[in-house]
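# Summary of structural features
Okay, here's what each chain looks like letter by letter:
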Amino acid sequence: TTNHTYSSKISRMSYVSKMDATSGTNMNWSEGKKSADVLEKCFLPLSSKNHKGSSGRIGILGGSEQYTGAPFYAGMSALQCGADLSYIFCAEEAALAIKSYSPELMVTPVYTASRMAKSYDATKEQQKLLVSEMVEKVTQMMDRMHVLVMGPGLGRCPLVLDATAQIMKEAIKRNLPLVVDADALFLLTLDEYKDILSNYEKVVLTPNVVEYKRLLQTHDGDISKATQRGIIVQKGMEDIIFQDSKSVFVCTEPGGLKRSGGLGDVLAGALSTLIAWHEISNQRNNNNEENSISNNNNNLLPLSCWT
């Protein structure tokens, strides 16, 4: 049943460029190529040697006083797709609510919304201290993560956005893969932060129609300026996956006609698991370990996003 599902997906896939996702060479796709082999390269093999966290440790930065559902959807989606552990970094006011949604989520409050709100009249030094405290609480956990999802339910408090930008910079220093969604995408439309991810390779942006238009306007009509080396998943009636400013895949799978809130958060969480598997496999390949996905999977990330 599983192989049939994968095969039917491949038969409906619109392949825009002629990139061989497994070897980096040119190849011609056709309706006749319905093998599940290609998609299976995106899934991390299970092994009796695995330990807790071997199949993916996902961080979610989001969850404000007003928005508690978004990080829950992202975190649970990551777990349902096969990740082992899901960490939520949120406002203190959101932590109890998110913890009550599911015992599977490990929730850590990293700032207090009321303190951030009162700090508008504080000195610059006091504001910097609040920001640095939030940054420290997230970055000290980065070594545990395979992927960090940024944005679900984050809100637009200026100090929180400033801290988020600094967390992005720390993730880049650590070469940590990022999924950037929702209000973290709004961050990239602000002049002082718009180029923060422009040269980073391990990033996936997931804009909806409105967010995509904002990014276009910010970058003078050239979406590739937002991330020249990363991947953009443009959500819409047909999802288009861009890499190096070129469309690589178009997902024509029919979706629901009702656009309920939270669907983007579910997608961000699902993507994070597939991206984590890609990262783990690369690490295993570099260490010549067993149970990696492929011996040559540098070009599998767009396919992982499509999957």
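Below: a short report on this structure. (Residues numbered from 1 in each chain as written. Predicted model: local features only at pLDDT ≥ 70, side-chain atom pairs only at ≥ 80, totals over all residues. Heavy atoms only, no water.)

Evaluation of the coordinates by the stated rule reveals four aromatic pairs. Where Phe43 meets Trp277, the ring centres are 5.7 Å apart and the plane angle is 50 degrees; that geometry is what we call tilted. Remark: Trp277 occurs in helix H10 (residues 263-286) and Phe43 occurs in the loop between helix H2 (37-40) and strand S2 (57-61); sequence separation between them is 234 residues. For Trp277, a relative accessible area of 7% translates into the label buried. With a centroid separation of 5.3 Å and 65 degrees between ring planes, the pair formed by Phe72 and Tyr101 is classed as edge-to-face. Of this pair, Phe72 sits in helix H3 (residues 69-80) while Tyr101 is found in helix H4 (residues 92-101), placing the two residues 29 residues apart along the sequence. A residue is classified by how much of its surface remains accessible, and Tyr101, at 38% relative accessible area, is partly exposed. In this structure an aromatic cluster arises from ring pairing among Phe72, Tyr73 and Tyr101. The side chain of Arg156 reaches across the aromatic face of Phe186, ending 3.9 Å from its centre. (Phe/Tyr/Trp six-rings, centres within 6.5 Å; stacked < 30°, edge-to-face > 60°. Helix = DSSP H or I, 4+ residues; strand = E, 2+ residues; numbered from the N terminus. Buried < 20%, exposed > 50% of the residue type's maximum accessible area, 1.4 Å probe, protein only. Lys NZ or Arg CZ within 6 Å of the ring centre and 35° of its normal.)

Considered for burial, the residues of H4 that qualify are Ala94, Ala95 and Ile98. Looking straight down H4, one finds its buried side chains confined to an arc of 115 degrees; they lie on one side. Among the exposed residues of H4, those oriented more than 90 degrees off its buried face are Leu96 and Ser100. (Arc of directions from axis to C-beta.)

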